[in-house]
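Letter by letter, the chains look like this.
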Amino acid sequence: MIEMYQLEQLLTIYKAGTISKAAEEMHISQPGLTRSIQRLEEDLGLQLFNRKKNKVIFNNNGIMAVKYAKKILQTKEEMVIQLQRYDRSQRIISIGSCAPAPVWGLNYIFNKIYPEMQITSDINSDENTLRKGLDDLKYSIIVLNHSIDDEKYICIDLFEEYLYLSVPPAHPLALFKEISFKELDGESILLLSRIGFWNEICLKMIPNSHLLVQEDNEVFNELTKLSALPNFRSNITIQRENNDGNRIAIPITDDSAHIRYYAVFKKEDKKIFDPIKDEITTIDWKQTY
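The structure reproduced in this document is the subject of the present report.

About the cut-offs
- Residues numbered from 1 in each chain as written.
- Predicted model: local features only at pLDDT ≥ 70, side-chain atom pairs only at ≥ 80, totals over all residues.
- Heavy atoms only, no water.
- Helix = DSSP H or I, 4+ residues; strand = E, 2+ residues; numbered from the N terminus.
- Rg over C-alpha atoms; globule rule 2.2 N^0.38 Å.
- Contact = heavy atoms within 4.5 Å.
- Areas by Shrake-Rupley, 256 points an atom, 1.4 Å probe, with all protein chains shown as cover.
- Lys, Arg positive; Asp, Glu negative; His and termini not counted.
- Charge placed at Lys NZ, Arg CZ, Asp CG, Glu CD.
- Buried < 20%, exposed > 50% of the residue type's maximum accessible area, 1.4 Å probe, protein only.
- Pairing = 2+ DSSP bridges.
- Phe/Tyr/Trp six-rings, centres within 6.5 Å; stacked < 30°, edge-to-face > 60°.
- Lys NZ or Arg CZ within 6 Å of the ring centre and 35° of its normal.
- Salt bridge = Lys/Arg side-chain N within 4 Å of Asp/Glu carboxyl O.

Some thoughts on the overall build of the chain
A count of helical and extended segments in the chain gives twelve helices and eleven strands. Against the compact-globule benchmark of 19 Å for 289 residues, the chain has a radius of gyration of 28 Å, which places it well outside the compact range. Dimensions of the chain, computed from the C-alpha atoms along their principal axes, are close to 90 × 45 × 30 Å. At a minimum sequence separation of 6, the contacts of the chain that also span at least 24 residues come to 69%. Carbon together with sulfur atoms contributes 50% to the accessible area of the chain, which is approximately 16700 Å² in total. Here the chain contributes 35 positively and 41 negatively charged side chains, and the mean placements of these two sets differ by 9 Å.

Regarding the pairing of strand 3 (residues 92–97)
For strand 3, the buried fraction is high: six of the six residues fall into the buried class. Here strand 3 shows two buried faces, one formed by Ile92, Ser94 and Gly96 and the other by Ile93, Ile95 and Ser97. Examined bridge by bridge, strand 3 and strand 4 (residues 118–123) share six bridges and lie parallel to one another. The residue of strand 4 that forms the bridge with Ile95 is Ser121.

Describing the packing of aromatic side chains
Evaluation of the coordinates by the stated rule reveals ten aromatic pairs. Measuring from ring centre to ring centre gives 5.2 Å for Phe265 and Phe273, while their planes differ by 50 degrees; the resulting arrangement is tilted. For the pair shown, Phe265 and Phe273 are each scored as buried. Here a set of aromatic residues connected by ring pairs shows up, and it is made of Phe159, Phe197, Trp198, Tyr261 and Trp285. Between Lys71 and the ring centre of Tyr68, over which it is positioned, the NZ or CZ distance is 5.5 Å.

Some points on the pattern of salt bridges
Here the idea is simple: oppositely charged side chains can pair when their charged atoms come close. Going through the model one piece at a time under the given rule, you end up with twelve salt bridges. A salt bridge links Arg194 to Glu215, with the shortest nitrogen-to-oxygen separation between them at 2.6 Å. One end of the pair, Arg194, is in the loop between strand 7 (188–192) and helix 8 (197–205); the other, Glu215, is in the loop between strand 8 (210–214) and helix 9 (217–226), with 21 residues separating them in the sequence. Overall, the relative accessible area of 56% leaves Arg194 in the exposed class. By sharing partners, the salt bridges in this structure join Glu127, Arg131 and Asp150 into a single network.

A few points about unusual backbone geometry
Unlike most non-glycine residues, Leu137 shows phi in positive territory, near 70 degrees. Looking at the secondary structure, you find Leu137 in the loop between helix 6 (127–135) and strand 5 (141–144). Looking at Leu137, the relative accessible area reads 24%, which means it is partly exposed.

Here you go:
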């Protein structure tokens, strides 16, 4: 019977070029590797090499065997990965989102209705990565900033998020009742990192601004309190966090500052994720902090 380790050995010999080099790479003796490959040939009922003095060369049978070995080993690896992901999906709800706000809301909902499940999350602005992750079972559910029409998925409307500019009352921009990205372009602005596609919008819409990006949320909050630098807030963060009375929130008028989120999941998971539709409409954002 052909064993997986024999296929691995065959592939290693092909890559290494010689049996001696392959044996060295696999930390086994050369005679032991030779005997193993001879047993493989006996099981197949054919020769894989043209043997010459002190040298073996893959014949056409051997080259074809290597091709099949690659496919079989790759299929084995894919099987292990998919089985592990499937097992993980039975115990863990994994969220992939294009922005932080949906993660806050879904984390809260899932902890409420599925307290026995472990919840993990990942923020990624690349839609292709999110959708591939959903297909490959890396994610149980993903959140996009637009709806999709695909027979494989169910798409649920979540909520809208829109940006404000936050400034101290003494800041010159505090006189604005509303403001556009064009009017902001060129200002120095304090910005949190890891905010998904919002980072890309800022880089695109205010390219001449000096963005002071902060990795640490606590440092960002301290700088907000102690400096006069503008920063961005949203209707969600205003509801979620303690309102800072020393700051004024000015609506940003651009369409790109107004986003609606959609949860996407596989049809077979409808029973698990259907409760989102009702729970998201009654969520208390303060409870998600």
